[in-house]
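Observations on the three-dimensional arrangement
These are the residues of each chain, in order.
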Amino acid sequence: MTSLPSHSDVPPWLYKLFTGHQYPYVRRQAKFDRKDRQEDGERFEPTQDDIREKFWEIFPRCSTKMLQEVKVGMIVAFKELGGYEAGTYQEFIDHPEEFLSREYGKKKIKVNFYDGDNFVCTINFKVAGWTSHDDD
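Now for a description of the structure that goes with this document. (Residues numbered from 1 in each chain as written. Predicted model: local features only at pLDDT ≥ 70, side-chain atom pairs only at ≥ 80, totals over all residues. Heavy atoms only, no water.)

**Thoughts on the packing of aromatic side chains**
Defined as follows: Note on aromatic contacts: the rings of Phe and Tyr and the six-membered ring of Trp form a pair at centre separations within 6.5 Å, being stacked when their planes are under 30 degrees apart, edge-to-face when over 60 apart, and tilted otherwise. In DSSP terms, a helix is any run of H or I states spanning at least four residues, a strand is any run of E spanning at least two, and both are numbered starting from the N terminus. Only protein chains enter the area calculation, which uses a 1.4 Å probe; residues under 20% of their type maximum are buried, those over 50% are exposed, and those in between are partly exposed.
Scanning all chains against the criterion turns up 16 aromatic pairs. An angle of 65° between the planes, with centres 5.6 Å apart, marks the rings of Tyr84 and Phe99 as edge-to-face. One end of the pair, Tyr84, is in strand β2 (residues 75-84); the other, Phe99, is in helix α5 (residues 96-104), with 15 residues separating them in the sequence. Take Tyr84 and Phe99: they sit in the same class, and that class is buried. By way of ring pairs, the aromatic residues Tyr15, Phe18, Phe55, Trp56, Phe59, Tyr89 and Phe113 are connected into one cluster.

**Considerations on the environment of Asp94**
Structurally, Asp94 can be placed in helix α4 (residues 90-94). Each C-alpha atom of the pair Asp94 and Val10 lies 7.9 Å from the other, and the pair is 84 residues apart in sequence.

**A short note on the pairing of strand β3 (residues 108-115)**
For clarity, the threshold we go by: Only strands that DSSP links by at least two bridges are regarded as paired with each other.
Where burial is concerned, most of β3 is hidden: eight out of the eight residues are buried. The alternating pattern of β3 places Lys108, Lys110, Asn112 and Tyr114 on one face and Ile109, Val111, Phe113 and Asp115 on the opposite face, and all of these are buried. Here six bridges tie strand β1 (residues 63-72) to β3, and the two strands are oriented antiparallel to one another. Across the sheet, Lys65 pairs through a bridge with Asn112, a residue of β3. Note: β3 against strand β4 (residues 118-126), eight bridges, orientation antiparallel. The residue bridging Val111 from the neighbouring strand is Ile123, located in β4.

The following block contains the structure:
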């Protein structure tokens, strides 16, 4: 059985990743939920409370996909390493570098978060002293 994460289970880096301006999924969902509108019909921007509430609606249902960055000539490609269903990756959240190093070794890893089929955000890690694609 999986348990839903609590507020204390989410480190600041993860909350910022989901709610910052770089990846607008959570912010946009919060904006679309607002019922009030400006005089011109546009929706108001969400408040920090709106965003926080939407984060706690979306994050617990997010899955992850772990991808290895692989350089092929002048192109960067990604090879899927694995994935985790919602509620099954708390160890990664708590200790990302240690978890990725133990599970996947010395690699450059991209971690994507998804709300169902919708891309939410991504973060990159240089794991276990990774310095170049020649290390792979």
